[in-house]
Amino acid sequence: MTAQTTHTVDAVVIGAGFGGIYAVHKLHHELGLTTVGFDKADGPGGTWYWNRYPGALSDTESHLYRFSFDRDLLQESTWKTTYITQPEILEYLEDVVDRFDLRRHFKFGTEVTSALYLDDENLWEVTTDHGEVYRAKYVVNAVGLLSAINFPNLPGLDTFEGETIHTAAWPEGKSLAGRRVGVIGTGSTGQQVITSLAPEVEHLTVFVRTPQYSVPVGNRPVNPEQIAEIKADYDRIWERAKNSAVAFGFEESTLPAMSVSEEERNRIFQEAWDHGGGFRFMFGTFGDIATDEAANEAAASFIRAKVAEIIEDPETARKLMPKGLFAKRPLCDSGYYEVYNRPNVEAVAIKENPIREVTAKGVVTEDGVLHELDVLVFATGFDAVDGNYRRIEIRGRDGLHINDHWDGQPTSYLGVSTANFPNWFMVLGPNGPFTNLPPSIETQVEWISDTIGYAERNGVRAIEPTPEAEAEWTETCTEIANATLFTKGDSWIFGANIPGKKPSVLFYLGGLRNYRAVMAEVAADGYRGFEVKSAEMVTV
Ligand code: FAD
Ligand code: NAP
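Residues numbered from 1 in each chain as written. Chains lettered and ligands numbered in written order. Predicted model: local features only at pLDDT ≥ 70, side-chain atom pairs only at ≥ 80, totals over all residues. Heavy atoms only, no water.

This part takes up the site of ligand 1. Every one of the 36 residues lining ligand 1 counts as a neighbour, but Asp39, Thr47, Asp59, Tyr65 and Leu437 are closest to it. The separation between an oxygen atom of ligand 1 and a polar main-chain atom of aspartate 59 is 2.7 Å. In this structure, a nitrogen atom belonging to ligand 1 sits 2.8 Å away from a main-chain N or O atom of valine 112. For ligand 1, the protein covers 96% of the area, taking 990 Å² as the surface of the free molecule. When residues of the shell around ligand 1 are traced back to their parent elements, those giving at least two are α1 (18-30), β2 (35-39), α2 (47-50), β3 (57-61) and α15 (437-457). Residues that form the shell around ligand 1 fall into these classes: 17 nonpolar, 14 polar and five charged. (Near = heavy atom within 4 Å. Polar contact = N/O pair within 3.5 Å; in protein donor to acceptor, adjacent residues only side chain to side chain. Areas by Shrake-Rupley, 256 points an atom, 1.4 Å probe, with all protein chains shown as cover. Helix = DSSP H or I, 4+ residues; strand = E, 2+ residues; numbered from the N terminus. Nonpolar A, V, L, I, M, F, W, Y, C, P; charged D, E, K, R; others polar.)

Take the packing of α1 against α15 next. The axes of two packed helices give the description: the angle between them and the distance between them. It is at 9 Å that the axes of α1 and α15 come closest, and there the two elements cross at 30 degrees. Of the possible angle classes, the one that applies to α1 and α15 is roughly parallel. α15 is crossed by α1, and the crossing has right-handed handedness. Every residue of α15 that contacts α1 at Phe18, Gly19, Tyr22, Ala23, Lys26 and Leu27 is listed here: Pro438, Ile441, Glu442, Val445, Glu446, Ser449 and Ile452. By residue class, the composition of the contact of α1 with α15 is eight nonpolar, two polar and three charged. (Axes fitted to C-alpha atoms, helices over the stretch in contact; angles between N-to-C directions. Parallel < 35°, antiparallel > 145°, perpendicular 65-115°, else oblique. Left-handed = near helix turned anticlockwise from the far one by under 90°. Contact = heavy atoms within 4.5 Å.)

Right, let's talk about the domain arrangement of the protein for a bit. One can read the domain layout of the protein as domain 1 (5-148 + 383-534) and domain 2 (157-378). The C-alpha-based centres of domain 1 and domain 2 are spaced at 28 Å. With 45 residues of domain 1 in contact, the opposing surface of domain 2 contributes 51 residues. The largest share of the area that domain 1 buries against domain 2 comes from Tyr53, Asp59 and Leu485, three residues that together contribute 16% of it. Connecting domain 1 to domain 2 are five salt bridges. Arginine 52 serves as the salt-bridge partner of glutamate 172, at 3.3 Å between the closest nitrogen and oxygen. At the level of secondary structure, the elements contributing two or more residues to the side of domain 1 that touches domain 2 comprise β3, α3 (71-76), α15 and α17 (512-524). Taken together, the residues that form the side of domain 1 that touches domain 2 break down as 18 nonpolar, 15 polar and twelve charged. (Domains from an automatic or database assignment. Buried area = accessible area lost by both parts, 1.4 Å probe. Salt bridge = Lys/Arg side-chain N within 4 Å of Asp/Glu carboxyl O.)

Moving on, we get to the pattern of salt bridges. Taken as a whole, this structure holds 34 salt bridges when the rule is applied. Glutamate 76 serves as the salt-bridge partner of arginine 99, at 3.0 Å between the closest nitrogen and oxygen. Linking arginine 99 in helix α4 (residues 86-99) with glutamate 76 in helix α3, this pair joins segments that are 23 residues apart in sequence. Arginine 99 sits in the partly exposed class, given a relative accessible area of 37%. Taking the shortest distance from any N to any O, the salt bridge between arginine 236 and aspartate 233 comes out at 3.0 Å. (Buried < 20%, exposed > 50% of the residue type's maximum accessible area, 1.4 Å probe, protein only.)

Dropping the structure here:
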């Protein structure tokens, strides 16, 4: 047996996406803590390192899908279109890492396999897949909420002679031009990859399980004058976004949909359709689409009419027609429905004609048809929010395993901490805000860093939430979610997309403005809801 060297640092950060990059910057450069970051990816970027599928694009506008913490960075970075593509976001995040000289603090290609709390020493012992051991007082988990891949195990998949690719593990530069491709999944990812692949592949078979409501994204080129205008007004733009609910930068409507005539309603929907943007359509048109069934149905039927208008073949339109509530994270696309008018694109409705098995040559559906394929693409999403935590052996106080702690449902206090896991913080943990994510990530990283700074200045050895505070936060999130229609739709937002996963509330749907206010109050109130132990009290 080889002896292992145990490294000692102040803080370990897991993940090198927006969250991990900013956490390492704050802890190292601002608090002066020795900090090591890990990512199993071979470079920074997180979501944008992994999701290199054709068509990958933000649905947050370019000027708001970035960090806001550094004015020079805001002024010096740029963009080409109203929405920003995966290669550009990846380049941006790589530049941020280099700009702040963070690369030397990260160990890439390194997976954290366990994090065990050593009660007697008030330290975390973190082990990697290379067998390295790090001891640290603090662990910041920035492991991503849409990162742990969901790869359904279809019968016979191992006999398939073609290639299988999950969109979140897309090989760099991989082209499927001229091939016969099948895509499973028609969520945000599926729609993007389908729209992008359709013109270049020989044949595209789309296996549609639940058609979703989608509106145009409205991506347009921007000129230098438009960019300069935004940059001149950036302080106000960020202020407004951070003081809104979903932080997407548009004015959120408070107008009830049924308070205007049908003609006026359709005019407002049409205007939003022409402008583009999924969140804008849901939250910028009327104030009650996510909460009132009649308002929701008005929006849903507007989109259904568009689907019927766009897709020329009525039978194909039927297969793609969304039904029921418009109550998932809203989708937007770059000509998704139009794709089905192409002669090389075919929709297979797998609720009525399920996939029977995968064979050497392709996918066989219940009607006995073999859909011959060279490549099968899985756009089947993620084991969201708690998925990556459950893939690490995490043990808190008294050896409590995170999976046992979260047995009923994943919980947190404020989305950033959980009882029995001292000095252990989460970025976008369970019951964090549901928004354009970079400003929420910044809010959480800044709060975590301020808390660690407070602990360091005040001789605090251990800080963790009380079970009561955690239960209360869970209750708050549940109450807010139950006041919306979102709880009535099955989606990853409630963990309903993973077979065997118990659906539960995973987000604080109270908006970023309210969330930021709560976070500030808790800190100002002497870390209300936290048990803060000083060095003397916990020394054994
Ligand atoms: P991530 O970027 O997911 O980074 C987490 C990192 O942790 C990963 O690199 C992973 O490899 C690493 N990791 C996890 N576990 C371990 C471990 N055990 N050991 C080592 N490393 C580990 N949000 C928006 O607000 N707007 C958008 O337009 C938008 N578009 C999206 C498009 C796609 C295709 C996807 C999948 C998500 C999108 N999101 C969007 C959500 C997006 O995930 C967040 O905006 C943001 O990028 C999350 O950053 P993060 O740092 O929290 O996590
Ligand atoms: P998703 O929304 O969970 O969609 C997964 C798709 O795969 C659904 O159509 C689902 O069908 C289908 N599916 C899953 N398992 C299946 C199975 N066993 N058999 C057949 N079909 C199956 O995942 P996603 O599209 O990757 O999006 C997740 C989130 O990532 C988005 O909501 C968004 O937050 C983010 N994202 C954003 C963008 C963007 O626009 N910027 C792009 C991509 C992703 P059912 O609906 O029937 O379950």
